[in-house]
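# Chains, contacts and geometry: an overview
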Amino acid sequence: MGTFQESVLVGATIVTASSTEELLTWAGGAAHMSITGVGLTYANGLLSGGVVTGLEVASASGRFILTGAHTDGAILGQAYLTNDAQLSISSLLSGDDVIEVMSTTPPATGTVFTAMGWSGDDRLIGGGTQCNLYGGDGNDTLSGGAGDDLLDGGAGVDVALYGGARANYSLAPSRSGVWDVQDLRPGRPDGQDALRGIEIVQFSDGAMSLPDPTVALEVGLVLRLDALTGAGGVMAGDLTTQLAAGLVSANDVVHSLVKAAGTTTSVATLSYEFFTGKAPSAGGTDYLVSPTGPNANNLNSAYYQSFSLENRYINFAVNLGKVGEGSASFTAQYGPLSLFDATRQAYATIFGATPSDAKLHALLDPTTVLNGQSFSRADYFAYYGGDGPNGLGAKAAMVGWLLAEAEKADLGTYALSNDAFLTDVALHGAPFGVDLVGAYAQPGFVFHPG
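Quick look at the layout of surface pockets now. Roughly 230 Å³ of volume is contained in the largest pocket. In terms of lining, the largest pocket is formed by 15 residues, of which the most central are Glu310, Thr368, Arg377, Tyr380 and Trp401. At the level of secondary structure, the elements contributing two or more residues to the lining of the largest pocket comprise α7 (309-323), β20 (367-370), β21 (373-376) and α11 (377-385). Ranked by residues supplied to the lining of the largest pocket, first place goes to β20 with four residues. Within the lining of the largest pocket, the residues separate by chemical class into eight nonpolar, five polar and two charged.

Burial along strand β18 (residues 200-203) is one-sided: the face carrying Val201 and Phe203 is buried and the face carrying Ile200 and Gln202 is not. Relative to β18, strand β14 (residues 159-161) runs parallel, the two sharing three bridges. Bridging from a neighbouring strand, Val159 pairs with Ile200 of β18. By the bridge criterion, four bridges tie β18 to strand β19 (residues 206-209) in an arrangement that is antiparallel. If you follow Gln202 over to β19, its bridge partner there is Ala207. The hairpin turn running from β18 into β19, its antiparallel successor, is two residues long.

When pLDDT drops low, the exact placement of atoms in the prediction is not to be read closely. Considering every residue of the protein chain, the mean pLDDT works out to 85; 80% of them sit at 70 or more. Ignoring residues within four places in sequence, the model shows residues 1-10, a span with pLDDT below 50, making 35 contacts including any to other chains. Note that residues 61-94 has pLDDT below 50 and, in this model, 144 contacts with residues that lie over four places away or in other chains.

Attention shifts here to the packing of helix α4 (residues 265-276) against helix α13 (residues 412-428). For the pair α4 and α13, the least separation of the axes is 11 Å and the interaxial angle reads 120 degrees. On the basis of the axis angle, α4 is oblique to α13. Note on packing geometry: the crossing formed by α4 with α13 is right-handed. On the side of α4, the interface is formed by Thr265, Ser266, Thr269, Leu270, Glu273 and Phe274, while α13 contributes Tyr414, Ala415, Asn418, Phe421 and Leu422. Residue composition of the contact of α4 with α13, by class: six nonpolar, four polar and one charged.

Now for the nonpolar core. Ranked by size, the top nonpolar core spans 45 residues in total, and within it Phe274, Ile350, Val399 and Leu402 carry the most contacts. The dominant element in this core, judged by the number of residues it contributes, is helix α12 (residues 392-409), at 11 residues. Those residues in contact with Val399, other than ones at most four positions away along the chain, are Phe274, Phe275, Phe330, Ala346 and Ile350. Counting 43 residues, the second largest nonpolar core, distinct from the first, contains Trp179, Leu239, Ala426 and Ala430.

Evaluated as defined, the whole model comprises 21 aromatic pairs. Seen from their ring centres, Phe421 and Phe432 are 5.2 Å apart, and the 85 degrees between their planes marks the pair as edge-to-face. In this pair, Phe421 is assigned in helix α13 and Phe432 in the loop between α13 and α14 (436-440), connecting sequence segments 11 residues apart. The pair formed by Phe421 and Phe432 is uniform in burial state, with each residue classed as buried. Joined through ring pairs, the aromatic side chains of Phe274, Phe275, Phe330, Tyr334 and Tyr414 make up one cluster.

Here we come to unusual backbone geometry. The phi dihedral of Arg224 falls on the positive side, at around 60 degrees, and the residue is not glycine. Mapped onto the elements, Arg224 comes out in the loop between α1 (213-223) and α2 (230-244). For Arg224, a relative accessible area of 12% gives the class buried. A positive phi angle is found at Asp410, which is not glycine, with a value near 55 degrees. With respect to the element layout, Asp410 can be found in the loop between α12 and α13.

Next up on the list: the pattern of salt bridges. One pass over the structure, following the stated rule, counts eight salt bridges. Of the charged contacts, one joins Asp148 and Arg188 as a salt bridge, the two residues approaching to 3.2 Å between their closest N and O atoms. Of this pair, Asp148 sits in the loop between β12 (141-143) and β13 (150-152) while Arg188 sits in the loop between β16 (179-183) and β17 (192-196), and the two are 40 residues apart along the sequence. Asp148 sits in the partly exposed class, given a relative accessible area of 40%. For Arg188, a relative accessible area of 33% gives the class partly exposed. Across the pair Lys408 and Glu310 runs a salt bridge, and its minimum N-O distance is 2.6 Å. Placement of Lys408 in helix α12 and of Glu310 in helix α7 is noted, with a sequence separation of 98 residues between them. For Glu310, a relative accessible area of 21% gives the class partly exposed. One continuous salt-bridge network, built from bridges that share partners, spans Asp183, Arg185 and Asp190.

What counts, and where the lines are drawn
Residues numbered from 1 in each chain as written. Predicted model: local features only at pLDDT ≥ 70, side-chain atom pairs only at ≥ 80, totals over all residues. Heavy atoms only, no water. 1 Å grid on protein atoms, 1.4 Å probe; cavity = no way out; pocket = protein on both sides within 12 Å on 5 of 7 lines; lining within 4 Å. Points joined across faces, edges and corners; volume = space filled by probe spheres on them. Helix = DSSP H or I, 4+ residues; strand = E, 2+ residues; numbered from the N terminus. Nonpolar A, V, L, I, M, F, W, Y, C, P; charged D, E, K, R; others polar. Buried < 20%, exposed > 50% of the residue type's maximum accessible area, 1.4 Å probe, protein only. Pairing = 2+ DSSP bridges. pLDDT = per-residue confidence, 0-100. Contact = heavy atoms within 4.5 Å. Axes fitted to C-alpha atoms, helices over the stretch in contact; angles between N-to-C directions. Parallel < 35°, antiparallel > 145°, perpendicular 65-115°, else oblique. Left-handed = near helix turned anticlockwise from the far one by under 90°. Core = buried A, V, L, I, M, F, W, Y, C linked by side-chain atoms within 4.5 Å. Phe/Tyr/Trp six-rings, centres within 6.5 Å; stacked < 30°, edge-to-face > 60°. Salt bridge = Lys/Arg side-chain N within 4 Å of Asp/Glu carboxyl O.

Right under this line is the structure:
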(Lines give C-alpha, C1' and ligand atoms only; values in the text may rest on other atoms or scores of the structure.)
Protein backbone atom coordinates (compact mmCIF):
# COMPACT_ATOMS: atom_id res chain seq x y z
CA MET A 1 0.00 0.00 0.00
CA GLY A 2 1.36 3.40 -0.90
CA THR A 3 1.88 6.33 1.40
CA PHE A 4 0.14 9.66 1.16
CA GLN A 5 1.39 12.96 2.46
CA GLU A 6 -1.24 15.66 2.67
CA SER A 7 -0.31 19.32 2.34
CA VAL A 8 -1.70 21.54 5.09
CA LEU A 9 -4.12 24.22 3.94
CA VAL A 10 -3.41 27.53 5.62
CA GLY A 11 -6.30 28.38 7.88
CA ALA A 12 -8.01 25.03 7.30
CA THR A 13 -9.88 23.23 10.06
CA ILE A 14 -9.99 19.41 10.17
CA VAL A 15 -13.64 18.61 10.90
CA THR A 16 -13.53 14.84 10.35
CA ALA A 17 -10.61 12.39 10.24
CA SER A 18 -11.77 8.77 10.08
CA SER A 19 -10.80 5.61 8.19
CA THR A 20 -13.29 6.47 5.44
CA GLU A 21 -13.34 10.26 5.31
CA GLU A 22 -11.41 13.40 6.02
CA LEU A 23 -13.16 16.76 5.88
CA LEU A 24 -11.38 20.11 6.00
CA THR A 25 -13.01 23.53 5.86
CA TRP A 26 -11.66 27.02 5.48
CA ALA A 27 -12.83 30.53 4.54
CA GLY A 28 -15.20 30.52 7.47
CA GLY A 29 -16.70 27.21 6.39
CA ALA A 30 -17.58 28.48 2.90
CA ALA A 31 -15.04 26.16 1.31
CA HIS A 32 -14.15 22.57 2.02
CA MET A 33 -12.12 19.58 0.91
CA SER A 34 -13.60 16.14 1.41
CA ILE A 35 -11.49 13.00 1.01
CA THR A 36 -13.14 9.59 1.01
CA GLY A 37 -11.54 6.17 0.95
CA VAL A 38 -10.89 2.89 2.67
CA GLY A 39 -8.48 2.31 5.53
CA LEU A 40 -7.41 5.94 5.73
CA THR A 41 -4.74 6.47 8.38
CA TYR A 42 -3.19 9.55 9.86
CA ALA A 43 0.11 10.70 11.30
CA ASN A 44 0.44 13.96 13.16
CA GLY A 45 -3.00 14.95 12.00
CA LEU A 46 -2.19 14.41 8.30
CA LEU A 47 -3.50 11.69 5.99
CA SER A 48 -0.66 9.22 5.49
CA GLY A 49 -2.06 5.96 4.09
CA GLY A 50 -5.01 4.01 2.74
CA VAL A 51 -6.87 3.80 -0.54
CA VAL A 52 -8.40 7.10 -1.64
CA THR A 53 -11.55 6.70 -3.72
CA GLY A 54 -12.69 10.28 -4.04
CA LEU A 55 -11.81 13.88 -3.40
CA GLU A 56 -13.96 16.97 -3.64
CA VAL A 57 -12.89 20.57 -3.26
CA ALA A 58 -15.63 23.18 -3.18
CA SER A 59 -15.98 26.90 -2.66
CA ALA A 60 -18.79 29.36 -3.12
CA SER A 61 -18.04 29.39 -6.86
CA GLY A 62 -17.76 25.74 -7.70
CA ARG A 63 -16.22 22.42 -6.91
CA PHE A 64 -13.70 19.86 -8.15
CA ILE A 65 -14.28 16.14 -7.98
CA LEU A 66 -11.50 13.56 -8.17
CA THR A 67 -12.53 9.92 -8.45
CA GLY A 68 -10.65 6.63 -8.64
CA ALA A 69 -8.66 4.46 -6.27
CA HIS A 70 -5.15 5.71 -5.51
CA THR A 71 -2.47 4.13 -3.37
CA ASP A 72 0.74 5.44 -4.91
CA GLY A 73 0.54 9.22 -4.83
CA ALA A 74 3.37 11.31 -3.46
CA ILE A 75 0.90 14.01 -2.44
CA LEU A 76 -2.81 13.36 -2.16
CA GLY A 77 -3.89 16.80 -3.20
CA GLN A 78 -3.46 20.46 -2.67
CA ALA A 79 -6.04 23.16 -3.03
CA TYR A 80 -6.03 26.84 -2.42
CA LEU A 81 -8.46 29.69 -2.60
CA THR A 82 -7.40 33.29 -3.20
CA ASN A 83 -10.11 35.90 -2.78
CA ASP A 84 -12.46 33.36 -4.32
CA ALA A 85 -11.05 34.39 -7.74
CA GLN A 86 -9.03 31.29 -8.43
CA LEU A 87 -9.63 27.80 -7.15
CA SER A 88 -7.02 25.20 -8.04
CA ILE A 89 -6.41 21.56 -7.40
CA SER A 90 -3.56 19.32 -8.43
CA SER A 91 -4.04 15.60 -8.02
CA LEU A 92 -0.27 15.03 -8.19
CA LEU A 93 -0.93 11.33 -8.41
CA SER A 94 0.59 8.66 -10.61
CA GLY A 95 -2.72 6.85 -10.93
CA ASP A 96 -5.35 7.37 -13.61
CA ASP A 97 -7.43 10.24 -12.26
CA VAL A 98 -10.78 11.74 -13.15
CA ILE A 99 -11.04 15.40 -12.17
CA GLU A 100 -14.31 17.21 -12.81
CA VAL A 101 -14.80 20.93 -12.37
CA MET A 102 -18.37 22.11 -11.86
CA SER A 103 -19.59 25.63 -11.28
CA THR A 104 -22.39 25.40 -8.72
CA THR A 105 -23.18 29.12 -8.75
CA PRO A 106 -22.40 31.86 -11.28
CA PRO A 107 -18.71 32.60 -10.63
CA ALA A 108 -17.40 36.06 -9.96
CA THR A 109 -16.01 37.95 -12.93
CA GLY A 110 -12.48 36.80 -13.65
CA THR A 111 -12.86 33.49 -11.87
CA VAL A 112 -10.60 30.84 -13.40
CA PHE A 113 -10.73 27.20 -12.35
CA THR A 114 -7.50 25.26 -12.73
CA ALA A 115 -7.19 21.49 -12.57
CA MET A 116 -4.01 19.48 -13.06
CA GLY A 117 -3.39 15.81 -13.57
CA TRP A 118 -0.03 14.17 -13.04
CA SER A 119 1.65 11.04 -14.30
CA GLY A 120 -1.31 8.78 -15.03
CA ASP A 121 -3.76 8.68 -17.92
CA ASP A 122 -6.06 11.32 -16.50
CA ARG A 123 -9.44 12.66 -17.54
CA LEU A 124 -10.07 16.33 -16.80
CA ILE A 125 -13.57 17.72 -17.28
CA GLY A 126 -14.31 21.44 -17.21
CA GLY A 127 -17.52 23.04 -16.05
CA GLY A 128 -19.62 25.99 -17.08
CA THR A 129 -16.95 28.64 -16.68
CA GLN A 130 -13.38 29.38 -17.74
CA CYS A 131 -11.05 26.52 -16.91
CA ASN A 132 -7.34 25.82 -17.26
CA LEU A 133 -6.90 22.05 -17.54
CA TYR A 134 -3.40 20.58 -17.43
CA GLY A 135 -3.01 16.88 -18.15
CA GLY A 136 0.62 16.52 -17.06
CA ASP A 137 2.33 13.24 -17.95
CA GLY A 138 0.44 10.28 -19.36
CA ASN A 139 -2.10 9.98 -22.15
CA ASP A 140 -4.83 12.32 -20.97
CA THR A 141 -8.32 13.27 -22.11
CA LEU A 142 -9.43 16.87 -21.60
CA SER A 143 -12.88 18.36 -22.06
CA GLY A 144 -13.38 22.06 -21.39
CA GLY A 145 -17.13 22.22 -21.87
CA ALA A 146 -18.72 25.65 -21.79
CA GLY A 147 -16.50 28.68 -21.34
CA ASP A 148 -13.27 29.75 -22.98
CA ASP A 149 -10.72 27.24 -21.74
CA LEU A 150 -7.05 26.36 -21.92
CA LEU A 151 -6.51 22.63 -22.52
CA ASP A 152 -2.85 21.69 -22.03
CA GLY A 153 -2.18 18.01 -22.53
CA GLY A 154 1.45 18.03 -21.39
CA ALA A 155 3.50 14.95 -22.23
CA GLY A 156 2.05 11.83 -23.85
CA VAL A 157 -0.61 11.48 -26.52
CA ASP A 158 -3.47 13.65 -25.34
CA VAL A 159 -7.04 14.08 -26.59
CA ALA A 160 -9.36 17.10 -26.51
CA LEU A 161 -13.06 16.21 -26.56
CA TYR A 162 -15.77 18.27 -28.26
CA GLY A 163 -19.49 17.56 -28.40
CA GLY A 164 -20.22 18.72 -31.94
CA ALA A 165 -19.31 17.59 -35.44
CA ARG A 166 -16.05 18.75 -37.01
CA ALA A 167 -17.85 21.17 -39.32
CA ASN A 168 -19.12 23.08 -36.28
CA TYR A 169 -15.63 24.27 -35.27
CA SER A 170 -12.87 26.41 -36.69
CA LEU A 171 -9.29 25.43 -35.89
CA ALA A 172 -6.44 27.86 -36.43
CA PRO A 173 -2.79 27.67 -35.35
CA SER A 174 -1.34 30.72 -33.64
CA ARG A 175 2.17 32.08 -33.24
CA SER A 176 1.84 31.70 -29.45
CA GLY A 177 2.13 27.92 -29.89
CA VAL A 178 -1.51 26.95 -29.41
CA TRP A 179 -4.42 25.88 -31.58
CA ASP A 180 -7.42 28.20 -31.33
CA VAL A 181 -10.64 26.19 -31.48
CA GLN A 182 -13.90 28.09 -31.79
CA ASP A 183 -17.39 26.64 -31.60
CA LEU A 184 -19.34 28.09 -34.54
CA ARG A 185 -22.77 26.93 -33.40
CA PRO A 186 -25.34 29.43 -32.11
CA GLY A 187 -24.57 30.26 -28.50
CA ARG A 188 -21.10 28.65 -28.80
CA PRO A 189 -21.83 25.81 -26.34
CA ASP A 190 -18.17 24.76 -26.27
CA GLY A 191 -16.80 28.30 -26.22
CA GLN A 192 -13.43 29.24 -27.68
CA ASP A 193 -10.49 27.21 -26.42
CA ALA A 194 -6.71 27.28 -26.68
CA LEU A 195 -5.10 23.85 -27.13
CA ARG A 196 -1.49 23.21 -26.22
CA GLY A 197 0.21 19.82 -26.21
CA ILE A 198 -2.90 18.18 -27.69
CA GLU A 199 -2.25 15.52 -30.32
CA ILE A 200 -5.81 14.45 -31.17
CA VAL A 201 -9.14 16.27 -31.30
CA GLN A 202 -12.21 14.06 -30.96
CA PHE A 203 -15.46 15.37 -32.44
CA SER A 204 -18.84 13.68 -32.42
CA ASP A 205 -18.29 12.44 -35.98
CA GLY A 206 -14.64 11.42 -35.77
CA ALA A 207 -11.14 12.22 -34.61
CA MET A 208 -8.32 14.14 -36.26
CA SER A 209 -4.62 14.50 -35.49
CA LEU A 210 -3.23 17.94 -34.71
CA PRO A 211 0.25 18.84 -35.93
CA ASP A 212 2.48 21.17 -33.97
CA PRO A 213 0.73 24.58 -34.16
CA THR A 214 3.90 26.48 -35.10
CA VAL A 215 4.65 24.01 -37.88
CA ALA A 216 1.04 24.24 -39.07
CA LEU A 217 1.18 28.04 -39.10
CA GLU A 218 4.39 28.01 -41.13
CA VAL A 219 2.96 25.50 -43.63
CA GLY A 220 0.03 27.84 -44.21
CA LEU A 221 2.14 30.98 -44.49
CA VAL A 222 4.86 29.63 -46.79
CA LEU A 223 3.05 27.01 -48.86
CA ARG A 224 -0.46 28.53 -48.68
CA LEU A 225 -1.82 25.09 -47.75
CA ASP A 226 -4.23 23.87 -45.08
CA ALA A 227 -2.07 22.08 -42.50
CA LEU A 228 -4.95 19.81 -41.47
CA THR A 229 -5.83 18.28 -44.83
CA GLY A 230 -4.28 17.09 -48.07
CA ALA A 231 -0.64 17.70 -48.94
CA GLY A 232 -0.35 20.40 -46.27
CA GLY A 233 -1.61 18.01 -43.61
CA VAL A 234 0.86 15.32 -44.68
CA MET A 235 3.79 17.72 -44.61
CA ALA A 236 2.79 19.27 -41.28
CA GLY A 237 2.31 15.81 -39.75
CA ASP A 238 5.67 14.52 -40.99
CA LEU A 239 7.55 17.58 -39.78
CA THR A 240 5.78 17.44 -36.40
CA THR A 241 6.83 13.80 -35.98
CA GLN A 242 10.43 14.59 -36.88
CA LEU A 243 10.49 17.65 -34.61
CA ALA A 244 9.09 15.69 -31.65
CA ALA A 245 11.68 12.94 -32.19
CA GLY A 246 14.53 15.45 -32.24
CA LEU A 247 15.41 14.58 -35.83
CA VAL A 248 15.02 18.19 -37.00
CA SER A 249 15.22 21.59 -35.37
CA ALA A 250 12.75 24.45 -35.70
CA ASN A 251 15.14 26.08 -38.19
CA ASP A 252 15.28 22.83 -40.18
CA VAL A 253 11.48 22.88 -40.42
CA VAL A 254 11.52 26.37 -41.93
CA HIS A 255 14.31 25.41 -44.34
CA SER A 256 12.30 22.38 -45.49
CA LEU A 257 9.22 24.51 -46.13
CA VAL A 258 11.16 27.14 -48.06
CA LYS A 259 12.69 24.41 -50.20
CA ALA A 260 9.28 22.78 -50.76
CA ALA A 261 7.96 26.16 -51.95
CA GLY A 262 10.26 25.94 -54.98
CA THR A 263 7.56 24.32 -57.13
CA THR A 264 4.65 26.48 -55.98
CA THR A 265 4.95 29.69 -53.96
CA SER A 266 8.41 30.56 -55.30
CA VAL A 267 7.23 30.17 -58.90
CA ALA A 268 4.84 33.02 -58.20
CA THR A 269 7.10 35.20 -56.05
CA LEU A 270 10.19 34.95 -58.28
CA SER A 271 8.27 35.39 -61.54
CA TYR A 272 6.37 38.42 -60.27
CA GLU A 273 9.55 39.90 -58.81
CA PHE A 274 11.25 39.77 -62.21
CA PHE A 275 8.36 40.98 -64.37
CA THR A 276 6.57 43.41 -62.02
CA GLY A 277 9.27 44.37 -59.51
CA LYS A 278 7.60 42.82 -56.48
CA ALA A 279 6.07 39.61 -55.19
CA PRO A 280 2.29 39.29 -55.47
CA SER A 281 0.15 40.27 -52.51
CA ALA A 282 -0.94 37.62 -50.01
CA GLY A 283 -4.32 37.44 -51.72
CA GLY A 284 -2.69 37.27 -55.13
CA THR A 285 -0.35 34.52 -53.95
CA ASP A 286 -3.30 32.54 -52.61
CA TYR A 287 -5.05 32.91 -55.95
CA LEU A 288 -1.99 31.61 -57.79
CA VAL A 289 -1.00 28.89 -55.32
CA SER A 290 -3.76 27.79 -52.94
CA PRO A 291 -5.76 24.68 -53.91
CA THR A 292 -8.79 25.99 -52.02
CA GLY A 293 -9.07 29.32 -53.83
CA PRO A 294 -11.09 30.30 -56.92
CA ASN A 295 -8.30 29.60 -59.44
CA ALA A 296 -8.81 26.11 -60.85
CA ASN A 297 -5.35 26.20 -62.45
CA ASN A 298 -3.43 27.14 -59.33
CA LEU A 299 0.12 25.83 -58.91
CA ASN A 300 -1.12 22.94 -56.76
CA SER A 301 -3.80 21.91 -59.24
CA ALA A 302 -3.95 18.85 -61.45
CA TYR A 303 -3.14 21.09 -64.41
CA TYR A 304 0.37 21.76 -63.12
CA GLN A 305 1.13 18.25 -61.89
CA SER A 306 2.50 17.19 -65.30
CA PHE A 307 4.79 20.23 -65.52
CA SER A 308 8.46 19.86 -64.71
CA LEU A 309 9.89 22.48 -62.37
CA GLU A 310 11.51 24.24 -65.33
CA ASN A 311 8.27 24.34 -67.31
CA ARG A 312 6.34 25.71 -64.34
CA TYR A 313 8.63 28.74 -64.31
CA ILE A 314 8.68 29.00 -68.11
CA ASN A 315 4.89 28.85 -68.30
CA PHE A 316 4.51 31.54 -65.65
CA ALA A 317 7.14 33.73 -67.26
CA VAL A 318 5.60 33.58 -70.74
CA ASN A 319 2.17 34.41 -69.35
CA LEU A 320 3.50 37.36 -67.35
CA GLY A 321 6.12 38.71 -69.72
CA LYS A 322 4.47 38.19 -73.09
CA VAL A 323 0.80 38.91 -72.42
CA GLY A 324 0.42 39.56 -68.67
CA GLU A 325 0.86 42.49 -66.35
CA GLY A 326 4.62 42.50 -66.81
CA SER A 327 4.56 42.68 -70.60
CA ALA A 328 4.86 46.48 -70.98
CA SER A 329 7.93 46.75 -68.79
CA PHE A 330 9.48 43.59 -70.24
CA THR A 331 8.90 44.83 -73.80
CA ALA A 332 10.60 48.15 -73.02
CA GLN A 333 13.65 46.50 -71.46
CA TYR A 334 14.05 43.35 -73.54
CA GLY A 335 12.08 43.87 -76.76
CA PRO A 336 14.94 45.46 -78.78
CA LEU A 337 17.50 42.84 -77.66
CA SER A 338 18.45 39.60 -79.34
CA LEU A 339 17.86 36.42 -77.35
CA PHE A 340 21.62 36.21 -76.76
CA ASP A 341 21.85 39.73 -75.31
CA ALA A 342 18.56 39.35 -73.44
CA THR A 343 19.97 36.25 -71.75
CA ARG A 344 23.06 38.19 -70.68
CA GLN A 345 20.91 40.93 -69.13
CA ALA A 346 18.46 38.56 -67.44
CA TYR A 347 21.26 36.40 -66.06
CA ALA A 348 22.94 39.47 -64.50
CA THR A 349 19.62 40.49 -62.94
CA ILE A 350 18.78 37.06 -61.53
CA PHE A 351 22.21 35.90 -60.41
CA GLY A 352 23.85 39.27 -59.75
CA ALA A 353 26.84 39.08 -62.10
CA THR A 354 27.22 39.36 -65.89
CA PRO A 355 28.09 36.10 -67.69
CA SER A 356 30.75 35.78 -70.38
CA ASP A 357 29.94 34.95 -74.00
CA ALA A 358 31.20 31.42 -73.38
CA LYS A 359 28.81 31.04 -70.46
CA LEU A 360 25.94 32.30 -72.61
CA HIS A 361 26.69 29.76 -75.31
CA ALA A 362 26.79 27.06 -72.62
CA LEU A 363 23.32 28.15 -71.57
CA LEU A 364 21.69 28.50 -75.01
CA ASP A 365 23.38 25.95 -77.24
CA PRO A 366 22.90 22.52 -75.58
CA THR A 367 20.48 20.29 -77.50
CA THR A 368 17.66 18.04 -76.43
CA VAL A 369 15.17 15.82 -78.24
CA LEU A 370 11.50 16.79 -78.18
CA ASN A 371 8.87 14.79 -80.08
CA GLY A 372 11.63 13.12 -82.08
CA GLN A 373 13.25 16.41 -83.09
CA SER A 374 16.54 17.84 -81.90
CA PHE A 375 16.24 21.30 -80.31
CA SER A 376 18.83 23.64 -78.91
CA ARG A 377 17.77 25.29 -75.68
CA ALA A 378 17.34 28.54 -77.60
CA ASP A 379 15.07 26.69 -80.06
CA TYR A 380 13.03 25.37 -77.12
CA PHE A 381 12.55 28.91 -75.80
CA ALA A 382 11.34 30.01 -79.24
CA TYR A 383 9.02 26.99 -79.45
CA TYR A 384 7.53 27.68 -76.03
CA GLY A 385 7.30 31.43 -76.56
CA GLY A 386 5.50 30.93 -79.84
CA ASP A 387 6.87 34.05 -81.57
CA GLY A 388 10.21 33.18 -83.14
CA PRO A 389 13.82 32.97 -81.92
CA ASN A 390 14.03 36.64 -80.89
CA GLY A 391 10.40 37.15 -79.97
CA LEU A 392 9.22 38.45 -76.64
CA GLY A 393 7.76 35.06 -75.74
CA ALA A 394 11.11 33.33 -76.37
CA LYS A 395 12.87 35.83 -74.12
CA ALA A 396 10.24 35.39 -71.42
CA ALA A 397 10.68 31.60 -71.63
CA MET A 398 14.41 32.12 -71.20
CA VAL A 399 13.79 34.18 -68.07
CA GLY A 400 11.57 31.46 -66.63
CA TRP A 401 14.25 28.84 -67.25
CA LEU A 402 16.92 30.97 -65.56
CA LEU A 403 14.65 31.48 -62.54
CA ALA A 404 14.13 27.72 -62.32
CA GLU A 405 17.87 27.06 -62.48
CA ALA A 406 18.53 29.67 -59.80
CA GLU A 407 15.88 28.13 -57.55
CA LYS A 408 17.13 24.56 -58.10
CA ALA A 409 20.75 25.47 -57.32
CA ASP A 410 19.74 27.98 -54.61
CA LEU A 411 22.18 30.47 -56.08
CA GLY A 412 22.20 34.16 -56.87
CA THR A 413 20.52 37.35 -55.79
CA TYR A 414 16.96 36.37 -56.71
CA ALA A 415 16.89 32.87 -55.23
CA LEU A 416 18.60 33.82 -51.97
CA SER A 417 16.50 36.99 -51.55
CA ASN A 418 13.41 34.82 -52.02
CA ASP A 419 14.73 32.36 -49.41
CA ALA A 420 15.22 35.22 -46.95
CA PHE A 421 11.74 36.57 -47.69
CA LEU A 422 9.98 33.22 -47.18
CA THR A 423 11.96 32.60 -44.01
CA ASP A 424 10.78 35.98 -42.74
CA VAL A 425 7.23 35.05 -43.69
CA ALA A 426 7.50 31.78 -41.75
CA LEU A 427 9.09 33.21 -38.62
CA HIS A 428 7.55 36.66 -38.40
CA GLY A 429 4.57 36.76 -40.74
CA ALA A 430 6.30 39.24 -43.06
CA PRO A 431 3.95 40.84 -45.61
CA PHE A 432 3.74 39.82 -49.25
CA GLY A 433 3.66 42.34 -52.09
CA VAL A 434 7.22 43.59 -51.47
CA ASP A 435 10.27 44.03 -53.70
CA LEU A 436 12.20 40.91 -52.70
CA VAL A 437 15.55 42.12 -53.97
CA GLY A 438 15.10 45.64 -52.62
CA ALA A 439 14.09 44.38 -49.17
CA TYR A 440 16.21 41.25 -48.73
CA ALA A 441 19.23 41.20 -51.08
CA GLN A 442 22.74 41.17 -49.62
CA PRO A 443 26.10 41.57 -51.38
CA GLY A 444 26.98 37.98 -50.50
CA PHE A 445 24.03 36.70 -52.53
CA VAL A 446 25.71 37.52 -55.86
CA PHE A 447 26.79 34.45 -57.85
CA HIS A 448 29.82 34.86 -60.11
CA PRO A 449 29.76 32.35 -62.98
CA GLY A 450 32.99 30.56 -63.81
